[in-house]
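Here's the letter readout for the chains.
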Amino acid sequence: MEANKKAKPSYGDVIGNLPDDLLCGILSYLSTKEAALTSILSKRWSNLLLSIPILDFDDSVLLNPQKGQRKNVFFKAFVDRLLSQRVETSSPVQRVSFKCRQGGVEPDCIIKWILTTVRDLGVLDLSLCIDFGIFHLPFNVFRSKTLVNLRIGTMIRLSQFPSDVVSPTLNSLVLDLVEFRDDDKVGFRQILLVFPSLQSLRVHESNKWKFWNGSASTRTLKSLVYRSDDDSSAPKPCVSFDTPSLVYLDYSDMVADKYENLKFDSLVEARLDLHLTAYQIMRKPNNIGFVSGDITTLFMGIRNVKILCLSPDALEALYYRGDRIPLFNNLISLSLGSDKPHGSPFIFWKLLPSLLNNSLNIETLTIKGLVHYVAEGWEGLSPMSRLCFSWDAVSDSLSSSAMKVLEITGYKGTSQELNQMKRFLGNLSRLQVVNVYHKAVNDRERSRVMKDLLLLPKASSECEIQVMKETAWISQV
């Protein structure tokens, strides 16, 4: 009888029976405000708040939003109390994020919180998103022996830049619309001095918020992302990359007057988005006869990369201001174009043969937005045109290519696109995979696109065509 009795299911506190470490991990996925609400459940839950490894302070998500003007007082008191308790209990913190907006707490209070997390709590990862219009922040607040990742933004003006090491352990730094006080254009040199172990640096600048003078010299940096939204200021007089350990470069800027001292001994992947001025396109000399904007040296410097991504503007810069295309002997993956309707179809097809002929080991070609380069009316280009090109040259470069994978994003299935797909499939004799990312609205449309592609003649008997729905993630890659 006893053996036949079924065990009754337990409907007790399943979550409450979980170990503290697991509960702290769960609470880490919540904002600190939401996690704090669980403290009313019991003393145990209240103590858990002092052990959560991730703290996210956002003054737009307040404990008492119904209090009106008093809400900032509640937010300040909450952060003060929690940080003080963490210090008293010697409870370490892995990651802290501060999101503060103008009209909230005072700047001095935010600086005090940063000092507490960096110096007293030994935080490993610190993120600052301070929207104060202009926020003055002493750089010395980041003096730490534990800080590994640091993000500073936006529109923050750093002051009191030190001459000695601030954080010997910092590995990753993001500067988003940051500048230095008193027009101290310190460039990357001082940053790399105060963070001697820095391996990853990401910089975002605009016409008003900028500090890079065009020189980068470091033996430790492995990843560098530089993006400038400024297309109105004069180009930098000179850009140099003395970065022998750099593996990844994402460089978006106006084309500099000149490039020199380029050391990319370890570079594997380069992404270029280069913008020309009208004077550079016209090759108009300055008052001493110098014509700025030659990017031949830059492309020679990156010629050993394995992965190369060129935006439409970078292609135009290469066409107008590149004397020659170097041999890319190590290149295995080439990505051209943009998902946005941008770029010249003439320049794209003019440069494609040279890029393929100079990349004999290429295995993958990605064309972002083929539809942008097949506009109606341009195929009958006059032979007298400066931008004229030969379709035979395009076909010959495809026929001699060892390419195995072709990827097309933003495919719409137009007749013009289909004609160019016919050119690719009919000439690439070693092609194995064709991935077409299509913005189909339904399965019927996708089937039509697939059918049209399958009917095209193929030079490779091993070629497989795949049509996939394009996602937002794919379009951003």
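Residues numbered from 1 in each chain as written. Predicted model: local features only at pLDDT ≥ 70, side-chain atom pairs only at ≥ 80, totals over all residues. Heavy atoms only, no water.

### Topic: the packing of helix α11 (residues 391-399) against helix α12 (residues 415-427)
Keep this limit in mind: Axis lines are fitted through C-alpha atoms, for helices just across the contact stretch, and the angle between N-to-C directions can take any value from 0 to 180 degrees. Every helix listed is a DSSP run of H or I at least four residues long, and every strand listed is a run of E at least two residues long, numbered separately from the N terminus. The scheme is simple: roughly parallel for angles under 35 degrees, roughly antiparallel for over 145, roughly perpendicular for 65 to 115, oblique for anything else. Less than a right angle of anticlockwise turn of the near helix away from the far helix marks a crossing as left-handed, whereas a clockwise turn marks it as right-handed. Pairs of residues are marked as contacts when any of their non-hydrogen atoms sit within 4.5 Å. Amino acids are sorted into nonpolar (Ala, Val, Leu, Ile, Met, Phe, Trp, Tyr, Cys and Pro), charged (Asp, Glu, Lys and Arg) and polar (every other residue, Gly among them).
Packing of α11 against α12 leaves a shortest axis separation of 8 Å and a crossing angle of 40°. When the axes of α11 and α12 are compared, the pair comes out oblique. In this structure, α11 crosses over α12, and the sense of that crossing is right-handed. Each of Trp-391, Val-394, Ser-395, Leu-398 and Ser-399 in α11 lies in contact with α12, whose residues at this interface are Gln-420, Arg-423, Phe-424 and Asn-427. Class assignment for the residues of the contact of α11 with α12 results in four nonpolar, four polar and one charged.

### Describing the environment of Asp-120
Secondary-structure assignment places Asp-120 in helix α5 (residues 107-120). In this structure, the C-alpha to C-alpha distance between Asp-120 and Ser-90, residues 30 residues apart in sequence, is 8.5 Å. Beyond its immediate chain neighbours, meaning those up to four positions away, Asp-120 contacts Val-87 and Leu-115.

### Describing the confidence of the model for the protein
Do not read the fine detail of predicted coordinates wherever pLDDT is low. Rule in force here: Scored between 0 and 100, pLDDT is the confidence that the predictor attaches to each residue.
Averaged over the protein, the pLDDT score is 85; the fraction of residues at 70 or greater is 86%. Counted against residues more than four places away or in other chains, residues 5-12, with its pLDDT under 50, gives zero contacts. Predicted confidence is poor over residues 381-386, with pLDDT under 50, and the contacts of this stretch with residues over four places away or in other chains come to eight contacts.

### Comments concerning the packing of helix α10 (residues 345-357) against α11
To describe two helices that pack against each other, one gives the angle between their axes and the distance between the axes. Closest axis-to-axis distance for the α10/α11 pair is 9 Å, and the angle between their directions is 30°. Relative to α11, the element α10 is oriented roughly parallel. As α10 runs across α11, the sense of the crossing is left-handed. Contacts between α10 and α11 involve Trp-349, Pro-353, Leu-356 and Asn-357 from the former and Trp-391, Ala-393, Val-394, Ser-397 and Leu-398 from the latter. Classifying every residue of the contact of α10 with α11 by side-chain character gives seven nonpolar, two polar and no charged.

### So, the pattern of salt bridges
It is possible for side chains of opposite charge to pair when their charged atoms get near one another. Note the cut-off: We count a salt bridge whenever a side-chain nitrogen from Lys or Arg sits within 4 Å of a carboxyl oxygen from Asp or Glu.
Within this structure, the stated rule accounts for 17 salt bridges. Notably, a salt bridge pairs Asp-59 with Arg-101, separated by 3.0 Å at the nearest N-O pair. Here Arg-101 lies in strand β2 (residues 95-101) and Asp-59 lies in the loop between β1 (54-58) and α4 (71-88), a separation of 42 residues in the sequence. Sharing partners across several salt bridges, the network here consists of Asp-58, Asp-59 and Arg-101.

### Some details on the packing of aromatic side chains
Which entries qualify depends on this criterion: Aromatic pairs are defined between Phe, Tyr and Trp rings, using the six-membered ring for Trp, whenever the two ring centres lie within 6.5 Å; interplanar angles under 30 degrees are classed as stacked, those over 60 as edge-to-face, and all others as tilted. Burial classes follow relative accessibility: with a 1.4 Å probe on protein chains only, a residue under 20% of its type's maximum area counts as buried, one over 50% as exposed, and anything between as partly exposed.
Scanning the entire structure with this criterion turns up 18 aromatic pairs. An angle of 70° between the planes, with centres 6.3 Å apart, marks the rings of Phe-57 and Phe-78 as edge-to-face. With Phe-57 in strand β1 and Phe-78 in helix α4, this residue pair connects regions lying 21 residues apart in the sequence. Both residues of the pair, Phe-57 and Phe-78, belong to the buried class. With a centroid separation of 5.5 Å and 80° between ring planes, the pair formed by Phe-241 and Tyr-251 is classed as edge-to-face. Taken together, the residues span a long stretch of sequence, with Phe-241 in strand β10 (residues 240-242) and Tyr-251 in strand β11 (residues 248-254) at a distance of ten residues. Assessed through its relative accessible area of 1%, Phe-241 is described here as buried. Owing to a relative accessible area of 0%, Tyr-251 belongs among the buried residues under this scheme.

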